Amino acid sequence: MSYDEYLNAKKRSDRTYRKCRYDHNDPFLPYLDGFLKDKKTEGEKHVGTLEIPLPMVVGTVTEGRRRSFTKDFMPAMDRESEFAAKWTRLYKSQEDEGIRDAVKVYEYMHRFYVEEGNKRVSVLKYLDVPSIMADVTRIMPEHTDEESVQCYYEFLEFFRAVPIYDIEFTRPGSYRKFAAMIGRDLQSPWPSDLINTIRGAFFRFNAVYMEIGGSRMNLCAGDAFLVYLAIYQFDSLLDYSRESIANRIHGIWNELLMEDSGRRIVLHESPDSEKKSSLRQSILQKLPTYTESHQLHAAFVYDGTIAHSEWASDHDVGRIALEHYYEGIVQTWYYENCSDDSSIYEALEDACKKGADVIFTTSASAMRQTVRAAVKYPQVRFANCSVFLPSSMVRTYNIREYEVKFLMGVLAAIYAENHKIGYLASAPAFGVLAGVNAFAIGAGMIDPSIQVYVSWSGSKVNNWEEMLLKNDIRIYAGNDLDLSSGDEPDYGLIRIGDNGEKVNLASPIRNWSTYYERIAHDILDGYWDMSSKREADHACNEWWGLSAGVIDIHLSEKLSYYSRKMIDLLRNSLVKGELDPFQGELHSQNGLIQKAGSPRLSSRELIVMDWLNDNIIGEIPTYDQLNEMTQKQLEDDGVVKGKML
């Protein structure tokens, strides 16, 4: 009987051989010595004996044994060979009492290569056993900036807290994100019962994912697991049937496809485009979907209260303006103080049950629950106020602020008599550094000797006031939102007089009403639904600025006529696309970014910018230098230690 099993294993080997030859691929096992021949390494470390996933055992250490097996570890030797007899005896041993002796392997970059025990691995792979005991020695790769190496060193950090190989992520930041989802960190070891629970949950997910199509995707099970956990609770993998888990994975399949294609995000910098106009030509021929007797219902979800949150209040002004603009056609309502997962999802559930046609969640922290609701209610349109958070089911929208920050920098330099300006930034979230650098570039264009002192309000140690006094800074850009509770202006561009009096010179004006009116127009004329069908394979991110009318600059009446005239001229050039602070020659603190005559940096480069202009005094804070609330904000925004999650 065992002999027949060898013949079956040999048939699998023969099929693998023929297919590899047909595809012009090497049919035999890869071997570590040959793989490492031209690679630099940083020594070895004995890990110990532990259970490792059998699918991650991919080859042998030396060249000598590699032709005994095809690349799937099935036996390639003739059935009359001594090799076949030994393989058969091992199979019988596994059948009678199980293979107990650990194999000896070397691990490199999360893959295992067998030094002793190739036939044991072959037998267990033939039987589809999920794991094997192994004595593991790790070969450390050279520490480089390559993404795969960065991710591997993050895995090693994870391994110290969770000594398992089963879960593999391929994108930097994923291990920390996973730990946060479980409510843990990577600083201390996790309890063994929790580790066993995680292994069991991942095993169930992996089995279902592969069964329903994951095996045909490039997206590894670990990365797909993270997408699942971003939408559904971890406990669902333990409490729900395999059929329910399969249904949930099917429900987020477009999200998985987008992740598989590399999180493709399309950034729309303007509400109008040629494609939009051509689509509307055919759409407008149809009867309107929404009328006074069949209104468009729009719900808004705020993380704060309208009375106490400037952010929520600004969005609610936009909501009210939307209802007035489309009086009788659009009906709105809102939910406030939705600041945690439970309250956010409760609001979304209620809005869907009340018949909302579109729901706007106005904070990045609500994105996870918004996607979860979008899976459950595919007939409802969802939009989240954030930038660069990828989802095929939820559109994102936010304001492009760097153009107004550029104008404020120009104005600051005009009034900075001692060539010094202060800038209070919040946190290095997506898009923030573009605003900081645009401000510094604008200032430098007026005064090449200007220095911009940057401080971060989200740091654990914020010495903002001390920095202003120490450097005799009389002009500074304060908070992005009007958070002042007293008479002193602390919002926008501030000038401190000789008597200590603070005067507001300029401030950004965010016109959320314009944003919501234009988005509603897209829904009313059918463009939203038409474009959603055409763009289902990627995330759609609206990132509008001055030209769309969603942001502008307010200038103080106390400014001189010439200052106002200059800002108006520059503003009009920005709107027309004749001027942009990030076109042409650019210099960071570390050197040249791009040469003279270069086109403007792409939207993606602006959003993920990780450098400071050469006239800035200060540095980008590290993740560990930020306070806990700001760290949470960055994680909500999709940023950890400067990397996209």
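Computed from a predicted structure; not experimentally measured. Each chain has its residues counted from 1, running along the sequence as written. Owing to the predicted nature of the model, reporting of local features is limited to residues with pLDDT of at least 70; listing and counting of side-chain atom pairs is limited to 80 or more, with chain, interface and lining totals taken over all residues. Note that water and hydrogens are dropped before the side-chain values are worked out from all heavy atoms of the structure.

1. Re the overall build of the protein
Helix numbers and strand numbers start at the N terminus; a helix is a DSSP run of H or I with at least 4 residues, a strand a run of E with at least 2. What the protein contains, in helices and strands, is 23 helices and 23 strands. Burial classes: relative accessible area under 20% of the type maximum marks a residue as buried, over 50% as exposed, and values in between as partly exposed (1.4 Å probe, protein chains only). Counting every position in the protein, which comprises 645 residues, the buried fraction comes to 52%. The contact criterion used throughout is that any non-hydrogen atoms of two residues lie within 4.5 Å. Of the contacts formed within the protein by residues at least 6 apart in sequence, a portion of 71% connects residues at least 24 apart. For the protein, the accessible surface area stands at approximately 30,200 Å², while carbon and sulfur atoms represent 47% of it. Positive: Lys, Arg. Negative: Asp, Glu. His and the chain ends are not part of the count. Positions of charges follow a simple convention, taking NZ of Lys, CZ of Arg, CG of Asp or CD of Glu. Positive and negative side-chain charges of the protein, numbering 73 and 95 respectively, have mean locations separated by a distance of 7 Å. Here the Shrake-Rupley method, with its probe set to 1.4 Å, supplies the accessible areas, and only the displayed protein chains count as covering residues.

2. Quick look at the pairing of strand S13 (residues 451–456)
The buried fraction of S13 is high, at 5 of 6 residues. Strand pairing is defined by DSSP finding a minimum of two bridges between the two strands. Looking at chain direction, strand S12 (residues 420–425) and S13 are connected through 6 bridges and run parallel. Following the sheet pairing, Tyr423 is matched in S13 by Val454. Regarding topology, helix H17 (residues 432–446) serves as the crossover connection from S12 to the parallel S13, and that connection is right-handed. By convention, a crossover is right-handed whenever its connection, traced from the first strand over the helix to the second and viewed with the strands pointing away, goes clockwise.

3. Remarks on empty space enclosed by the protein
Only protein atoms enter the calculation, which uses a 1 Å grid: trapped sets of points that fit a 1.4 Å probe without letting it out are cavities, open sets showing protein on both sides within 12 Å along at least five of seven lines are pockets, and any residue with an atom within 4 Å of a point is a lining residue. Grid points are joined across faces, edges and corners, and a volume is the space filled by probe spheres set on the points. Scanning the entire structure with this criterion turns up 3 cavities of 30 Å³ or more. Reported here for the largest cavity is a volume of approximately 60 Å³. Looking at the largest cavity, the residues that line it are Ala383, Arg395, Thr396, Tyr397, Ile519, Asp522, Trp528, Glu542 and Trp544. For the lining of the largest cavity, the secondary structure elements donating two or more residues are strand S11 (395–399), helix H19 (512–524) and strand S17 (539–544). In this count, Pro and Cys sit with the nonpolar residues alongside Ala, Val, Leu, Ile, Met, Phe, Trp and Tyr, while Asp, Glu, Lys and Arg are called charged and the others, Gly among them, polar. Considering only residue class, the lining of the largest cavity consists of 5 nonpolar, 1 polar and 3 charged. Looking at the second largest cavity, its volume works out to about 40 Å³. For the second largest cavity, the full set of lining residues is Lys405, Met408, Tyr423, Leu424, Ala477, Gly478, Asn479, Asp480, Gly492 and Pro508. Contributions of two or more residues to the lining of the second largest cavity are made by helix H16 (402–415) and S12.

4. What about the sheet that holds strand S4 (residues 111–116)?
Pairing in this open sheet of 5 strands is mixed, and the strands run S1-S5-S3-S4-S2 from one edge to the other. Of all the strands in the sheet, the pair left with one neighbour each is strand S1 (41–53) and strand S2 (57–60). On average, each strand axis in the sheet is tilted by 30 degrees relative to the strand beside it, whichever way the strands run. Comment: axis = line fitted to C-alpha atoms, over the contacting stretch for helices; angle = value between 0 and 180 degrees taken between N-to-C directions. Packed onto the sheet, helix H5 (residues 147–161) meets S1, strand S3 (103–108) and strand S5 (131–141) and runs at close to 125 degrees relative to S5.

5. Overview of unusual backbone geometry
One non-glycine residue, Asn337, adopts positive backbone phi at about 60 degrees. Relative to the elements of secondary structure, Asn337 occurs in the loop between strand S8 (330–335) and helix H14 (341–353). Even without glycine at this site, Asp472 takes up a positive phi of about 50 degrees. Within the element layout of this structure, Asp472 appears in the loop between helix H18 (464–470) and strand S14 (475–477).

6. Overview of the packing of aromatic side chains
Two descriptors summarise a pair of aromatic rings, namely the distance from one centre to the other and the angle between the planes of the rings. Note on aromatic contacts: the rings of Phe and Tyr and the six-membered ring of Trp form a pair at centre separations within 6.5 Å, being stacked when their planes are under 30 degrees apart, edge-to-face when over 60 apart, and tilted otherwise. Applying the stated criterion to the full structure yields 48 aromatic pairs. Each ring, one from Tyr397 and one from Tyr516, has its centre 5.7 Å from the other, and the planes form 70 degrees; the classification is edge-to-face. Pair noted here: Tyr397 is in strand S11 and Tyr516 is in helix H19, with a separation of 119 residues, a long-range link. Residues Tyr397 and Tyr516 agree in their burial class; the two are buried. Each ring is checked for a lysine NZ or an arginine CZ that lies within 6 Å of its centre and within 35 degrees of its normal; such an atom marks a charge sitting over the ring. The ring of Phe159 has Arg138 lying over it, and the distance from NZ or CZ to the ring centre is 4.7 Å. Over the ring of Tyr345 we find Arg372; its NZ or CZ atom is 4.0 Å from the centre of that ring.

7. Things to note about the nonpolar core
Phe178 and Trp190 are the most contacted members of the largest nonpolar core, which totals 100 residues. Apart from the residues within four sequence positions on either side, Trp190 is in contact with Phe158, Ala161, Val162, Phe178, Ala179, Ile182, Arg184, Asp185, Ile195 and Ile198. Buried residues of nine kinds, namely Ala, Val, Leu, Ile, Met, Phe, Trp, Tyr and Cys, make up a nonpolar core once their side-chain atoms join them within 4.5 Å. Counting 86 residues, the second largest nonpolar core, distinct from the first, contains Leu267, Ala298, Val503 and Leu574.

8. Concerning the confidence of the model for the protein
Values of pLDDT, the confidence the predictor places in each residue, fall between 0 and 100. On average, the protein scores 89 in pLDDT, and the residues at 70 or more come to 93%. Ignoring residues within four places in sequence, the model shows residues 273–286, a span with pLDDT below 50, making 19 contacts including any to other chains. For the stretch residues 484–488, pLDDT sits under 50, and the model shows 2 contacts to residues farther than four places along the chain or on other chains.

9. Brief notes about the pattern of salt bridges
Salt-bridge detection follows one rule: a side-chain nitrogen of Lys or Arg within 4 Å of a carboxyl oxygen of Asp or Glu. Under the counting rule described, the total for this entry stands at 28 salt bridges. In this structure, the salt-bridge partner of Arg79 is Glu80, at a minimum N-O distance of 3.4 Å. Glu80 gets classed as exposed once you look at its relative accessible area, which sits at 62%. Between Arg111 and Glu168 there is a salt bridge whose closest N-O contact spans 3.0 Å. In this pair, Arg111 is assigned in strand S4 and Glu168 in the loop between H5 and helix H6 (174–182), connecting sequence segments 57 residues apart. Assessed through its relative accessible area of 27%, Arg111 is described here as partly exposed. In the salt-bridge network here, residues are joined through shared partners; they are Glu269, Arg400, Glu403, Asp580 and Arg600.

10. Some points on helix H8 (residues 221–229)
Every α-helix winds through 3.6 residues per turn, so residues three or four apart in the chain are directed the same way. Among the 9 residues that make up H8, 9 are buried, leaving the element largely enclosed by the rest of the structure. For H8, the full list of buried residues reads Ala221, Gly222, Asp223, Ala224, Phe225, Leu226, Val227, Tyr228 and Leu229. Buried residues along H8 sit against H6, helix H7 (192–211), helix H9 (236–239), helix H10 (242–251), helix H11 (253–260) and helix H15 (367–376).

11. Section: the pairing of S3
Of all 6 residues in S3, 5 are buried; the element is thus mostly enclosed. Here S3 runs beside S5; their pairing, made up of 5 bridges, is parallel. Across the sheet, the residue bridging to Glu107 is Arg138, located in S5.

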